[in-house]
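Examination of the molecular architecture
Residues per chain are reported as follows:
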Amino acid sequence: MTRSMIDILDFTTEELQELIDTANDIIANPEFYCERCRGKKLATLFFEPSTRTRLSFEAAMYELGGNVIGFSEAQSSSASKGESVADTAKVISCYADIIAMRHPKEGAPLVAAMNASIPVINAGDGGHNHPTQTLADLLTIYREKGGFDGLSVGFCGDLKFGRTVHSLINALSRYEGLKFFFISPEELKVPSYVKKGILAERSIPYVQTTDLESAMPELDILYMTRVQRERFFNEEDYLRLKDSYILTPEKLKNAKESLSIMHPLPRVNEISVAIDEDPRACYFKQVLYGKYMRMALILKLLKEAGTL
Ligand code: NCD
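Residues numbered from 1 in each chain as written. Predicted model: local features only at pLDDT ≥ 70, side-chain atom pairs only at ≥ 80, totals over all residues. Heavy atoms only, no water.

Concerning the site of the ligand
Near the ligand you find Arg 52, Thr 53, Arg 102, His 130, Gln 133, Arg 163, Thr 164, Arg 226, Gln 228, Pro 264, Leu 265 and Pro 266, and these make up its full shell. Separating a nitrogen atom of the ligand from a side-chain N or O atom of Gln 133 is a distance of 3.1 Å. One of the side-chain nitrogen or oxygen atoms of Arg 163 is found 2.8 Å away from an oxygen atom of the ligand. Protein chains bury 95% of the 310 Å² of accessible surface belonging to the ligand in isolation. At the level of elements, α3 (52–63) and α7 (163–172) are the ones that each hand at least two residues to the shell around the ligand. Of the residues belonging to the shell around the ligand, the class tally is three nonpolar, five polar and four charged. Residues lining the shell around the ligand come from more than one domain, with at least three contributed by each of domain 1 (8–129 + 290–304) and domain 2 (131–286). (Near = heavy atom within 4 Å. Polar contact = N/O pair within 3.5 Å; in protein donor to acceptor, adjacent residues only side chain to side chain. Areas by Shrake-Rupley, 256 points an atom, 1.4 Å probe, with all protein chains shown as cover. Helix = DSSP H or I, 4+ residues; strand = E, 2+ residues; numbered from the N terminus. Nonpolar A, V, L, I, M, F, W, Y, C, P; charged D, E, K, R; others polar. Domains from an automatic or database assignment.)

Shown next as structure tokens:
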């Protein structure tokens, strides 16, 4: 099977570091990379809405000198005629060199990877995983903190359905001396499959709380997330929980000066715009870093597939 990125743990810590190093090199020497994918095609197969992830992949491929084909909603693809993900993957393998796929069903990009003859990148599958957002998050943390060991990382908001949270917990669990704070309403706690996986295996200490302010003074990173409306079974629950946490300057009173505030975006209400000017706010840098990490990933997967 051609090498793909379905889960962040498909890549070793050394390989993730290699991607970080490449992304940093792209930032420093963009002209060296601007023709590397000349004549290559990325197919963006987005069965679920997305702005930044899809455009980030497109911008990444264009900045490598390559081309992009694809669709941005299931209705405009043959899925609306009943085509399976497996067949779509086989068909697109005849047209493109690499696929980025977002799908509402958990596991769909894995099925695509098992059937495609080109690399497949999971651009988000349901409430499961979102490894390329994690790549953006890792580069942000690396550039802000200089490494990963020994950090206290708070995740706040919808930790149940937030796929970016699950992938980032998995990725960070492989470093040394970390401590996690899971801050959420009772109903939106981190799923037990995440806690029982690598977190338990590596005996990583964590605190579960509903109280953001009590955790605040300890945090090096605060990763805010929106409540994932589209994954709720009823609107009433969403309305009750949606404003559980709103980060305001007041709530940062006891935070470290060196805190980094992250958010995968889109932001709804979770971070007051008054925080955008705070030097600790990193969420717009995170967007930019996501593009560079996707460039690094496309280069690595195309090289491994023998296309480059
Ligand atoms: C995230 C996602 O799609 O899961 N967005 C993104 O890709 N940056 C987060 C979210 O939608 O809340």
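Overview of the sheet that holds strand β3 (residues 98–103)
Taken in spatial order, the four strands line up as β2-β1-β3-β4 in an open sheet, and their pairing is parallel. Only two strands of the sheet have a single partner each, and these edge strands are β2 (67–71) and β4 (120–125). Put simply, the sheet's adjacent strands are angled 15° from each other on average, direction ignored. Pairing geometry for strand β1 (residues 41–46) and β2, over five bridges, is parallel. Looking at the pairing, Lys 41 lines up with Asn 67 of β2. Helix-sheet contacts for α3 involve β1, β2, β3 and β4, and the interaxial angle to β1 is about 175°. (Pairing = 2+ DSSP bridges. Axes fitted to C-alpha atoms, helices over the stretch in contact; angles between N-to-C directions. Contact = heavy atoms within 4.5 Å.)

Concerning the packing of helix α1 (residues 13–28) against helix α6 (residues 131–145)
One can describe the packing of α1 onto α6 by two numbers: an axis separation of 10 Å at closest approach and a directional angle of 70°. Taken together, the axes of α1 and α6 lie roughly perpendicular to each other. Judged by residue contacts, Leu 16, Gln 17, Leu 19, Ile 20, Ala 23, Asn 24 and Ile 27 of α1 engage Leu 135, Leu 138, Leu 139, Tyr 142 and Arg 143 from α6. Residue classes in the contact of α1 with α6 are distributed as nine nonpolar, two polar and one charged. (Parallel < 35°, antiparallel > 145°, perpendicular 65-115°, else oblique.)

Examining the packing of helix α4 (residues 85–93) against helix α5 (residues 108–115)
As a packed pair, α4 and α5 sit with axes 8 Å apart at the nearest point and diverge in direction by 50°. Viewed along their axes, α4 and α5 adopt a mutual orientation that is oblique. Helix-helix and strand crossings are classified by hand; for α4 and α5 the assignment is right-handed. Of the residues in α5, those touching α4 at Val 85, Ala 86, Ala 89 and Lys 90 are Ala 108, Val 111, Ala 112 and Asn 115. The residue inventory of the contact of α4 with α5, partitioned by class, reads six nonpolar, one polar and one charged. (Left-handed = near helix turned anticlockwise from the far one by under 90°.)

Some details on the environment of Lys 40
Topologically, Lys 40 is positioned in the loop between α2 (30–33) and β1. The spatial distance from the C-alpha of Lys 40 to the C-alpha of Glu 186 is 47 Å, given a sequence separation of 146 residues. Not counting chain neighbours up to four residues away, the residues in contact with Lys 40 comprise Met 61, Gly 66, Asn 67, Asp 97, Leu 302, Thr 307 and Leu 308.

Comments concerning the domain arrangement of the protein
With domains assigned, the protein is organised as domain 1 (8–129 + 290–304) and domain 2 (131–286). For domain 1 versus domain 2, the distance between C-alpha centres works out to 25 Å. Taken together, the contacts link 30 residues of domain 1 with 27 residues of domain 2. For the pair domain 1 and domain 2, the summed buried surface comes to about 2400 Å²; carbon and sulfur atoms form 59% of the total. On the domain 1 side of the contact with domain 2, Ile 8, Leu 9 and Arg 52 bury the most area, a combined 24% of that side's loss. Connecting domain 1 to domain 2 are two salt bridges. Between Arg 231 and Glu 48 there is a salt bridge, with its nearest N and O atoms 3.3 Å apart. The tally of links between domain 1 and domain 2 comes to eleven residue pairs in polar contact (both at pLDDT 80 or more). Every element with two or more residues in the side of domain 1 that touches domain 2 is listed here: α1, α3, β4 and α11 (283–304). The greatest single-element share of the side of domain 1 that touches domain 2, amounting to eight residues, is contributed by α1. (Buried area = accessible area lost by both parts, 1.4 Å probe. Salt bridge = Lys/Arg side-chain N within 4 Å of Asp/Glu carboxyl O.)

Focus: the pairing of strand β6 (residues 179–183)
Remember that side chains alternate between the two faces of the sheet whenever the strand is regular. Burial analysis of β6 places four of its five residues in the buried class, the great majority of the element. Pairing between strand β5 (residues 152–156) and β6: five bridges, direction parallel. By the bridge assignment for β6, Phe 155 is matched with Phe 182. Following the backbone out of β5, through α7 and into the adjacent parallel β6, one traces a crossover that is right-handed. This β-α-β element, β6 to helix α8 (residues 192–201) to strand β7 (residues 206–209), shows right-handed connectivity. (Buried < 20%, exposed > 50% of the residue type's maximum accessible area, 1.4 Å probe, protein only. Right-handed = clockwise from strand over helix to strand, strands pointing away.)

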